[in-house]
Amino acid sequence: MQRQILECLVEYDYLKDDGTIQGCLANAWSSTKNNTQWNLCLRTDAAFYDPFDPPLWPSRTRPLVAQDVLNSWLRMADARNTASAWNAMDGIFLGLNEFRMQTASLNPQVAEDAWLKARKEGIEGIQVIDDHHLTLTLTQPDPDFLQRLAMTHFEVYPIEATETEGRSMMNEPVGSGAFVLRNWLEGQTVVFGRTPDWRGQESPFADGTLPFLDQVEFHVVKDPTNAMQQFEKGAFDRMSLGSSGMSRFLDSDFQVQEKYKAQGYQVFERPASDVTILTFGMRDPIVGHVRGDDAGNEKRRLLRQAIALTFPHKMWGDLVRGSAPAELARNFIPPVIPGYERFAASDLVATDLERARLLLKKAGYPGGKGLPPIEFHAFDENASHSVSQLFQEAAAEVGIQIKLLTLPYPEQQQRQRDGQAQVFLTAWVLDWPDPALILQNFHGSSAGTEANLSSFRNLEYDALYVQMRTMEDSPKRDKLISRMLAILNHETPSVPIDHRRSWILTQPWLSNFRPHPFEAIATKYFRVAPH
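In this text, all values refer to a predicted model and were calculated from it rather than measured experimentally. Positions within a chain are numbered from 1, following the residues in the order the chain's sequence is written. For a predicted model such as this one, the threshold for reporting local features is a pLDDT of at least 70, and the threshold for listing and counting side-chain atom pairs is 80 or more; totals across whole chains, interfaces and linings nevertheless cover every residue. Each side-chain value is derived from all of the structure's non-hydrogen atoms; neither hydrogens nor water enter the calculation.

Q: Could you clarify how one ought to interpret the overall build of the protein chain in this entry?
A: Within the protein chain, the regular secondary structure consists of 17 helices and 24 strands. Its C-alpha atoms give the protein chain a radius of gyration of 25 Å, near enough to 24 Å, the size a compact globule of 531 residues would have. Expressed as lengths along the three principal axes of its C-alpha atoms, the size of the protein chain is roughly 75 × 65 × 45 Å. Counting every position in the protein chain, which comprises 531 residues, the buried fraction comes to 51%. Comment: elements are numbered from the N terminus, with helices defined as DSSP H or I runs of at least four residues and strands as E runs of at least two. Restricting the calculation to C-alpha atoms gives the radius of gyration, and the globule rule supplies 2.2 Å times the number of residues raised to the power 0.38. Exposure classes here rest on a 1.4 Å probe applied to the protein chains alone. A residue is buried below 20% of its type maximum, exposed above 50%, and partly exposed in between.

Q: Before we go on, may I ask you to explain the packing of aromatic side chains in this structure?
A: Ring pairs (aromatic) are described by centroid distance and by the angle formed between their planes. For Phe, Tyr and Trp, where Trp contributes only its six-membered ring, two rings pair if their centres lie within 6.5 Å, and the inter-plane angle classes them as stacked under 30 degrees, edge-to-face over 60, or tilted in between. Applying the stated criterion to the full structure yields 24 aromatic pairs. Between F376 and F391, the ring centres sit 5.3 Å apart and the planes meet at 90 degrees, which makes this aromatic pair edge-to-face. Of the two residues, F376 is situated in strand β18 (residues 374-378) and F391 in helix α13 (residues 381-396); the sequence distance between them amounts to 15 residues. Here F376 matches F391 in class, with each residue buried.

Q: Hey, could you run me through unusual backbone geometry in this one?
A: Residues apart from glycine generally show negative phi values, whereas peptide bonds are mostly found in trans. With omega at -10 degrees, the peptide bond leading from D53 into P54 counts as cis. Relative to the helices and strands, P54 is located in the loop between β5 (47-49) and β6 (61-63). Cis rather than trans, the peptide bond between L210 and P211 has omega equal to -5 degrees. With respect to the secondary-structure elements, P211 resides in the loop between β12 (209-210) and β13 (215-219). The backbone of R60 shows a phi angle near 70 degrees, a positive value even though the residue is not glycine. Its location among the elements puts R60 in the loop between β5 and β6. Look at R60 and you get partly exposed, because its relative accessible area is 21%. Of note, the phi angle at F254 is positive, near 65 degrees, even though the residue is not glycine.

Q: Just checking my understanding: could you explain the nonpolar core for this structure?
A: Across soluble globular proteins, you tend to see nonpolar side chains buried next to one another. Membership of the largest hydrophobic core comes to 98 residues, with the highest contact counts inside it found for L9, W73, F93, L96, L136 and L149. In terms of residues, this core owes the most to one element, helix α1 (residues 66-77), which gives seven residues. Setting aside residues no more than four positions away along its own chain, L136 makes contact with T36, Q37, W38, L40, W73, F93, G125, I126, F145 and L149. Note on terminology: a nonpolar core comprises buried Ala, Val, Leu, Ile, Met, Phe, Trp, Tyr and Cys residues joined through side-chain atoms within 4.5 Å. The next biggest cluster of nonpolar side chains, apart from the first, holds 32 residues, and it includes F280, A363, A395 and V398. By definition in these notes, contact holds between two residues if any of their heavy atoms fall within 4.5 Å.

Q: Is there a simple way to explain the side chain of T195 in this structure?
A: Within the secondary structure, T195 sits in the loop between β10 (189-194) and β11 (201-202). Looking at T195, the relative accessible area reads 6%, which means it is buried. Ignoring sequence-local partners within four residues, the contact set of T195 consists of Y49, G177, A178, F179 and V180.

Q: Can you help me understand the environment of M228 in this one?
A: If you trace the backbone, M228 turns up in helix α7 (residues 224-232). Overall, the relative accessible area of 6% leaves M228 in the buried class. Note: C-alpha distance between M228 and I521 (293 residues apart in sequence) is 20 Å. Residues contacting M228, with those up to four places away along its chain left out, are M239, S244, G245, R248 and F249.

Q: Mind showing me how you'd approach the pattern of salt bridges here?
A: Side-chain pairing between opposite charges can occur once the charged atoms of the two side chains come close. Here, a salt bridge means any Lys or Arg side-chain nitrogen found within 4 Å of an Asp or Glu carboxyl oxygen. One pass over the structure, following the stated rule, counts 30 salt bridges. The residue R194 makes a salt bridge to D214 at a minimum N-O spacing of 3.0 Å. Here R194 is found in strand β10, whereas its partner D214 is found in the loop between β12 and β13, with 20 residues between them in sequence. On the accessibility criterion, R194 (31% relative accessible area) is partly exposed. A salt bridge links R477 to D434; the nearest nitrogen and oxygen atoms lie 3.1 Å apart. Of this pair, R477 sits in helix α17 (residues 475-491) while D434 sits in the loop between β20 (423-429) and α15 (436-439); the two residues are 43 residues apart in sequence, bridging distant segments of the chain. One network of salt bridges, with partners in common, ties together R3, E155 and E519.

Q: Can you walk me through the pairing of strand β16 (residues 274-280) in this structure?
A: Two faces, one strand: in a regular strand the side chains alternate between the faces of the sheet. Most of β16 is tucked away, with seven of its seven residues classed as buried. On β16, burial covers both faces: D274, T276, L278 and F280 on one face and V275, I277 and T279 on the other are all buried. Bridge count for β16 against β20 is seven bridges, and the pairing is antiparallel. For T276, the partnering residue across the bridge sits in β20 and is A427. When β16 meets strand β21 (residues 494-499), the two strands line up antiparallel, connected through four bridges. Looking across to β21, one finds that L278 is bridged to V495. Pairing between two strands is assigned when DSSP locates at least 2 bridges connecting them.

Q: Sorry, what's going on with the pairing of strand β4 (residues 37-42) here?
A: Here β4 shows one buried face, formed by W38, L40 and L42, and one open face, formed by Q37, N39 and C41. Pairing of strand β3 (residues 26-31) with β4, which is carried by five bridges, proceeds in the antiparallel orientation. If you follow A26 over to β4, its bridge partner there is L42. What sits between β3 and β4 in their antiparallel hairpin is a turn of five residues, with N35 showing a positive phi close to 60 degrees. Where β4 and strand β8 (residues 133-137) come together, five bridges link them in antiparallel fashion. Its bridge partner being in β8, Q37 is matched across the sheet by T137.

These figures come from the coordinates and say nothing about function on their own.
Below is the structure:
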């Protein structure tokens, strides 16, 4: 939702799915030969607009300048804040990690002094040249740096919106985008209005100047039957389809049924850019890795593979995904990455109970004898029950007893970070089409964080990732990725399950809509014809 209000220096080309970048707040940039220093020029007509009372500025607006970029990013990196952006910024800019460490000081004055000094002088990796020019210096080459800058973590906002008494970006967000927040009923409705006197942007469809809409409304309708009825009455212009919607509106080929096609309905499939993963806690003494116990670790590796091979992939697809089927995973690489088939398929992504029995025996638990119950940690009680039941039944056939442990979401996350979860499900969504975004989640430096919940550590893997991360796409890079996938398959800290697919139904009067894989809801492009 914040994308309607806040902007980044760059954005994705709306008509392309390959990660192509175009300017947004920045209208020009250049980099050094090794891509470690970037010089960016900001557009001069970008401005913040505050729709709330009392406004931050008498005129409700002020120009956006390079200092705002520095302030926004420093605030995201400030350890005193709980911003989730740090994972995207960690280790990127020279001096930013040092700044974060200073703001993490137990001495409040030291932290505040670091914040004030960095705002005034910048840091080595983020320097304000003047109101419309920035120089960014990276710790190492990053072939996807511009795609990184398109992430929501790098959005720009006025620091006044966070420092003015009684104001917060959470409840009264202020940005430079095409829309402003007009109304918000949590869990029900969000209403955006066109930003007065917005600078405009040429439509990529060559049909005028953006935005075309005066108001955009998002509604949360928990009852799918009600949502479908409202859509058929014309109350909604677009609707994401769940299992019941798929059955109602689409045929077996996932095309609009004839009776709805006659009404002008269209369906769009959003490219699969995520992967659902069965993950093992590598700090667990039963299924994980115990330092110094080579013989035991080999048995635990075989146990992980045996458990993975009992996962009921087909039943998972039929019963959990339902009539909105996912694409079964070949490996960890999502289909949205061009040529993803060039990477070898894992031999652990299909149910194989016979092989599971053999591996279980080699692990020292013939027929499951001597193996304590394996805890399957789950988030949501309703979903957990169906998933765990499938898993329990399949694993029981080879002698593995799966025990369901259902906990509130925050407690579940904490147990995973603390290494107290044995087996659990996770999912990752790519921010741009690069295998590195999935592979980074197994780097040892992030063990025990939200990025690497398995706490997997492997020296060879880590070294390959460091080498691969800074390389442009090439056969040599593909070779490194293939080796990393082979290590993951052999060590089995996690096993890929599937890549979720999603469909969106639209009314005949909605145009300029397309389901971009990395820009979920780009309403500034939409047109709605009179109806």
